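Listed here are the chains, written in short residue letters.
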Amino acid sequence: MGKRVAIVGTGQTYHRSSRLDVNGMELIHEAVTRALEDARLTIRDIDAIVIGNMDHFEGINYVDTWSVDGSGAFLKPILKVTTGGTTGTTVAMAGFYHAASGMFDTVLAIGWEKNSESDTTGAIITAFDPIWDRPAFAGAVAGLAVEASVYMHEYGATERDAARVSVRDRKHATNNPHAHLRAEISIEDVLNSPMLSYPLKLLDMCPRTDGACAVIFAAEGRAEKITDTPVWVWAAATRHNYVYIGDWEPKGLKTLESASQEVYQKAGIRDPLKEIDVMELYLPYSFAGLNWIESLGLCRRGEGPRLLWDGVTDMSGELPINPSGGVISCNPIGATGLIRVAEAALQIQGKAGAHQVPDVKVALATGFGGCFWSDIMIMGKEKK
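Worth saying up front: this structure is predicted, and the values here are computed from it rather than measured.

Trainee: Lay out the environment of S324 in plain terms, naming residues and giving numbers.
Mentor: Here S324 lies in the loop between helix 14 (304–309) and helix 15 (326–329). When its relative accessible area of 3% is taken as the criterion, S324 is described as buried. When the C-alpha atoms of S324 and I339 are compared, they prove to be 9.3 Å apart, with 15 residues separating the residues in sequence.

Trainee: Could you give me a rundown of the sheet that holds strand 3 (residues 78–80), with the residues and numbers involved?
Mentor: Pairing is mixed in the open sheet, where 9 strands are placed in the order 3-2-4-7-1-8-11-10-9. This sheet does not close on itself; its edge strands, each paired only once, are strand 3 and strand 9 (278–280). Each neighbouring strand pair of the sheet contributes to a mean axis angle of 25 degrees, computed without reference to strand direction. Summarising the sheet, strand 2 (residues 48–52) and strand 4 (residues 106–114) pair through 5 bridges and their orientation is parallel.

Trainee: How would you sum up a nonpolar patch on the surface? Please name residues and give values.
Mentor: A cluster of nonpolar residues, I131, W132 and Y244, forms a patch on the protein surface that exposes about 410 Å² of accessible area. Among the structural elements, I131 can be located in the loop between helix 6 (120–125) and helix 7 (140–155). A relative accessible area of 63% means that I131 is categorised as exposed.

Trainee: Before we move on, can you summarise unusual backbone geometry with the specific residues and values?
Mentor: The linkage connecting Y198 with the following residue, P199, adopts the cis geometry, with an omega of 5 degrees. Within the secondary structure layout, P199 lies in the loop between strand 5 (195–197) and strand 6 (200–201). The backbone phi angle of Y62 is positive, close to 55 degrees, even though this residue is not glycine. Checked against the element boundaries, Y62 lands in the loop between helix 2 (55–58) and helix 3 (63–66). The backbone of L75 sits at a positive phi, close to 60 degrees, despite the residue not being glycine. Position of L75 among the secondary structure elements: in the loop between helix 4 (68–71) and strand 3.

Trainee: Could you give an account of helix 16 (residues 333–349), naming the residues involved and the relevant values?
Mentor: Over its 17 residues, helix 16 extends 25 Å from the first C-alpha to the last, a length consistent with the 24 Å expected when each residue adds 1.5 Å. Roughly 25 degrees is the biggest bend found in helix 16, and it falls at I339. Most of helix 16 is tucked away, with 17 of its 17 residues classed as buried. Among the residues trailing helix 16, G350 stands out with phi positive, at a value near 75 degrees.

Trainee: Let's hear about the pairing of strand 11 (residues 373–380): which residues, and what values?
Mentor: Burial of strand 11 is extensive: 8 of the 8 residues sit out of reach of the surface. Residues W373, D375, M377 and M379 point to one face of strand 11 and S374, I376, I378 and G380 to the other, with burial holding for every one of them. One ladder, built from 7 bridges, connects strand 8 (residues 231–239) with strand 11; its direction is antiparallel. Within the sheet, the bridge partner assigned to V233 lies in strand 11 and is M379. As defined by bridge partners, strand 10 (residues 362–369) adjoins strand 11 across 8 bridges and the pair is classed as antiparallel. Directly across from A363, in strand 11, lies its bridge partner M379.

Trainee: Pulling in residues and values, what's your account of the pairing of strand 10?
Mentor: Across a regular strand the side chains alternate sides, sitting on one face of the sheet and then on the other. With 8 of 8 residues buried, strand 10 is to be regarded as a mostly interior element. Both faces of strand 10 are covered, namely the face carrying V362, L364, T366 and F368 and the face carrying A363, A365, G367 and G369. Connecting the antiparallel pair strand 10 and strand 11 is a turn made up of 3 residues, with G370 showing a positive phi of about 55 degrees.

Trainee: An account of the packing of helix 5 (residues 87–100) against helix 16 is needed here, citing residue identities and associated values.
Mentor: Two elements in contact, helix 5 and helix 16, have axes whose closest approach is 5 Å; the angle formed by their N-to-C orientations is 55 degrees. It follows that helix 5 is oblique to helix 16 by the angle criterion. Contacts between helix 5 and helix 16 pair T87, G88, T89 and A92 from the former with G334, G337, L338 and V341 from the latter. Per-class residue counts for the contact of helix 5 with helix 16 are 3 nonpolar, 5 polar and no charged.

Trainee: Account for the nonpolar core, with residues named and values stated.
Mentor: One finds I216, Y264, M279, Y285, F287, L298 and I378 to be the most contacted residues of the largest nonpolar core, which totals 86 residues. For L298, the residues in contact, after removing those within four places along its chain, are P272, L273, M279, I293, L307, L319 and I321. A48, V81, A109 and I339 belong to the second-largest nonpolar core, a separate cluster that totals 36 residues.

How each quantity is defined
Residues numbered from 1 in each chain as written. Predicted model: local features only at pLDDT ≥ 70, side-chain atom pairs only at ≥ 80, totals over all residues. Heavy atoms only, no water. Helix = DSSP H or I, 4+ residues; strand = E, 2+ residues; numbered from the N terminus. Buried < 20%, exposed > 50% of the residue type's maximum accessible area, 1.4 Å probe, protein only. Pairing = 2+ DSSP bridges. Axes fitted to C-alpha atoms, helices over the stretch in contact; angles between N-to-C directions. Patch = residues over 30% accessible without salt bridge, like charges linked within 9 Å, V, L, I, M, F, W, Y side chains within 5 Å. Areas by Shrake-Rupley, 256 points an atom, 1.4 Å probe, with all protein chains shown as cover. Salt bridge = Lys/Arg side-chain N within 4 Å of Asp/Glu carboxyl O. Expected span 1.5 Å × (residues − 1). Bend = angle between axes of the 7 residues up to and from the residue. Parallel < 35°, antiparallel > 145°, perpendicular 65-115°, else oblique. Contact = heavy atoms within 4.5 Å. Nonpolar A, V, L, I, M, F, W, Y, C, P; charged D, E, K, R; others polar. Core = buried A, V, L, I, M, F, W, Y, C linked by side-chain atoms within 4.5 Å.

Take a look at the structure:
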């Protein structure tokens, strides 16, 4: 890449199940305004904009042009990105690449979703092949339930193990004022919640949220002039595979495993459990907090539950995961992955408030979506 790039500002809305007080453009404007204020910039300082959401959820075409009054993109280059659940992290990566290219010094990345005004399940159903896939994988829950069932069968994991992930993330969310769900729950609460698709219950799953997030990327030379605490992007990778969900092998998240190996190599990381200080992971359901940390190389296959029960991933543990509360606590889909990036950056800057992890120097963020696709980004306090 031509230039090194840093995150210099972030902004989020206060995420809720329904924001009846604003329309989509106003929701976007809230996040953009907060990001600009955080970086002490104005919209005139922004050279280009990248924006994304699950546009077919809300039924809005050309969201890049529709949202100009909210994004501030009038007479500026703007790119729309939509890649399913990974949209937020893909928006972040596009913002990073824009700045790294040398064409733009400051790039504003925006993710948003107004789920209260959309038909999420209906939209997801139409993404699957009507003959081969739709009858078995109609919606997000069914495919995840298959993955969870295979993981339980292969390694002896239990519903109680998975419930511990929901309990952890919801506890962390109580310290994050931006999170949607901010009440602690117990193992028994999860186990006794309504069954959706075995073995997944209501409290194993993420919510549907209204919210937006904005992140400002700046090229080296400009970034240092904007802030004293730039967050340098060390590496990013994406993996998109299966066209037909029927081709998917539900044993570990192969795309995350492959993407993580690439960014570890680029960043010079050999032992992620020891060398990364915090992770903001796109975990849309509880079993992902067991299975996918194995795909990230934090432990061997089948050892995710042990890592969890030992407290390694708690706020006070060796490697805190989702100090923000994660996706199980907050899920404005088009923004969800970008929130992971923003929260990881806040941790490195020491600006995460009540959910700050002490002395964070290296952070990792992931995105998940589509046909079990993965994005991943590693950031650091120092240039790499």
